[in-house]
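Summary of the model geometry
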Amino acid sequence: MRKLLILGGTGEAVALAKAVKAEFGDGLTAVTSLAGRTKAPTLPLGEMRVGGFGGPEGLTRYLRAEKISAVIDATHPFAARMTANAVAACDAAAVPRLRLDRPAWTPGPGDDWHAVPDLAAAAGMLPGLGARAFLTIGSTELAPFKGLSDVLLWARMIEPPAPDALPENCTVIEGRGPFSLDDELDLMRELGIDILVTKNSGGPAAAAKLAAARRLGIPVVMVERPPAPPGDSVPDVERAVEWLRPFVR
Ligand code: NAP
């Protein structure tokens, strides 16, 4: 039976595993791979494996041992290491690879976005922009925000960070999206937020905070995406399913 490896950790990966089952039934087995960072991940349909492969060499060995017919890299736009490993391993094992990459957000009328290359640059920009920042970043990404004594921080994340990873002036808000525009407006108003810091993850599930910032006239410090990998890329699950058809026939 044909086997597809989905590199996951995103809503798109879960939706893809579901679509593969619906479209191809037993004609294609989808194995979704998770890094194992989240304690209670959304479980995908089909098979699942958890944990790193051991770099590009480990992934190359896995692709050969499991006789994988195709790989769809549906990892988060900022999971750059896994994406680079997938490029190297698929080349080495001669396995076709597709990148499923949700479109990036772009600023519209009324937006006040400040593009930065990384979170260190984002942290450096805060003191000049405001005093009460809302961070929507990962629980392991707080280090650059330590020592910002003039700025109060609220960090929303799925799971709390390790206690020593939390900047002294930072309050954690635990939450898993999607969030509505009303949710985001209420939260930002209640906390008196005057800056939003986020990564350009793209997609509709996390976009309401940007609309809320626009509505409230709040500047957004936007961390730009790492470069896209070479090769085929599609923006949605439907087109990923189309890409798979030749492997199933
Ligand atoms: P990363 O820096 O690109 O990858 C670090 C290492 O984690 C990889 O070298 C790999 O270990 C392992 N890994 C990552 N994704 C994996 C997967 N799907 N299956 C098996 N191993 C995986 O990744 P990250 O930014 O820490 O993200 C980790 C996971 O969280 C990803 O699956 C990503 O889709 C998801 N995620 C990331 C973000 C984000 O902002 N970065 C946000 C939401 C979800 P080996 O080298 O040992 O194979």
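Thresholds, definitions, all that
Residues numbered from 1 in each chain as written. Predicted model: local features only at pLDDT ≥ 70, side-chain atom pairs only at ≥ 80, totals over all residues. Heavy atoms only, no water. Near = heavy atom within 4 Å. Polar contact = N/O pair within 3.5 Å; in protein donor to acceptor, adjacent residues only side chain to side chain. Areas by Shrake-Rupley, 256 points an atom, 1.4 Å probe, with all protein chains shown as cover. Helix = DSSP H or I, 4+ residues; strand = E, 2+ residues; numbered from the N terminus. Nonpolar A, V, L, I, M, F, W, Y, C, P; charged D, E, K, R; others polar. Core = buried A, V, L, I, M, F, W, Y, C linked by side-chain atoms within 4.5 Å. Buried < 20%, exposed > 50% of the residue type's maximum accessible area, 1.4 Å probe, protein only. Contact = heavy atoms within 4.5 Å. Pairing = 2+ DSSP bridges. Axes fitted to C-alpha atoms, helices over the stretch in contact; angles between N-to-C directions. Phe/Tyr/Trp six-rings, centres within 6.5 Å; stacked < 30°, edge-to-face > 60°. Salt bridge = Lys/Arg side-chain N within 4 Å of Asp/Glu carboxyl O. Domains from an automatic or database assignment. Buried area = accessible area lost by both parts, 1.4 Å probe.

1. A few points about the site of the ligand
Residues in contact with the ligand amount to 22 residues; listed here are only the nearest, Gly8, Ser33, Phe53, Met82 and Lys199. Between the ligand and the protein, one listed contact pairs an oxygen atom with a backbone N or O atom of Gly8 at 2.8 Å. For the ligand, an oxygen atom lies 3.0 Å from a polar atom in the backbone of Arg81. When the ligand sits alone it has 810 Å² of accessible area, and the protein chains cover 79% of it. Put simply, the parts of the chain that give the shell around the ligand at least two residues each are strand E2 (28-34) and helix H3 (80-93). Top element by residues in the shell around the ligand is H3. It accounts for four residues. Here the residues of the shell around the ligand sort into seven nonpolar, 11 polar and four charged.

2. What to know about the nonpolar core
Membership of the largest hydrophobic core comes to 21 residues, with the highest contact counts inside it found for Leu4, Ile6, Leu16, Val20, Ile72 and Leu244. Mapped by element, the contributors of at least two residues to this core are strand E1 (2-7), helix H1 (11-24), E2, strand E4 (70-73), strand E5 (97-100) and helix H7 (237-248). In terms of residues, this core owes the most to one element, H7, which gives six residues. Apart from residues no more than four positions distant in its own chain, Leu4 is found in contact with Val20, Leu28, Thr29, Ala30, Val31, Ala70, Val71, Ile72 and Leu244. Of all hydrophobic cores here, the second largest spans 20 residues; its members include Val116, Phe145, Val151 and Val221.

3. Quick look at the sheet that holds strand E6 (residues 113-116)
Pairing is parallel in the open sheet, where six strands are placed in the order E6-E11-E10-E7-E8-E9. Each edge of the open sheet is held by one strand with a lone partner, namely E6 and strand E9 (170-174). Pairwise comparison of adjacent strand axes, ignoring direction, gives a mean angle of 20° for this sheet. Across four bridges, strand E10 (residues 195-199) lies against strand E11 (residues 220-223) in parallel orientation. Bridge assignment links Leu196 to a residue of E11, and that residue is Val220. Taken strand by strand, helix H5 (residues 181-191) contacts strand E7 (132-136), strand E8 (152-157), E9 and E10, and its axis lies near 145° from that of E7.

4. Quick notes on the packing of aromatic side chains
In this description, an aromatic ring pair is defined by two values, namely the gap between the centres and the angle between the planes. Throughout the structure, instances matching the rule amount to two aromatic pairs. Taking 5.1 Å as the distance between ring centres and 65° as the angle between the ring planes, the aromatic pair formed by Phe53 and Tyr62 counts as edge-to-face. Residue Tyr62 is classed as buried on the basis of its relative accessible area of 16%. Seen from their ring centres, Trp243 and Phe247 are 5.0 Å apart, and the 45° between their planes marks the pair as tilted.

5. As for the pattern of salt bridges
The tally for this structure, following the rule as stated, stands at 12 salt bridges. Across the salt bridge formed by Arg245 and Glu23, the nearest N and O atoms sit 2.9 Å from each other. Note that Arg245 is positioned in helix H7 and Glu23 in helix H1, a separation of 222 residues in sequence. Between Glu242 and Arg245 there is a salt bridge, with the nearest N and O atoms lying 3.0 Å from each other. Remark: Arg245 and Glu242 occur in helix H7; sequence separation between them is three residues, near one turn of the helix.

6. Digging into the side chain of Arg156
You can see Arg156 is positioned in strand E8. Engagement of the side chain of Arg156 in a polar contact is seen with the side chain of Glu184, the distance being 2.8 Å. Every residue in contact with Arg156, bar those within four places of it in the chain, is listed here: Phe134, Leu135, Thr136, Ile137, Ile173, Gly175, Phe179, Glu184, Leu187 and Lys209.

7. Concerning the pairing of E8
Counting buried positions along E8 gives five out of six residues, so the element sits mostly inside the fold. Of the pairings in the sheet, the one linking E7 to E8 comprises four bridges and is parallel in character. Bridging across to E8, Leu135 finds its partner in Ala155. The pairing of E8 with E9 spans five bridges and is classified as parallel. Within E9, the residue paired with Met157 across the bridge is Glu174.

8. Describing the domain arrangement of the protein
Its domain assignment divides the protein into domain 1 (2-102 + 227-247) and domain 2 (113-223). The C-alpha-based centres of domain 1 and domain 2 are spaced at 29 Å. Between domain 1 and domain 2, the residue contacts involve nine residues of the former and nine residues of the latter. Summing both partners gives a buried area of about 660 Å² for domain 1 against domain 2, and 50% of it is carried by carbon and sulfur. Considering only the surface of domain 1 that becomes buried against domain 2, Thr38, Phe78 and Arg102 emerge as the three largest contributors, covering 61% of it.

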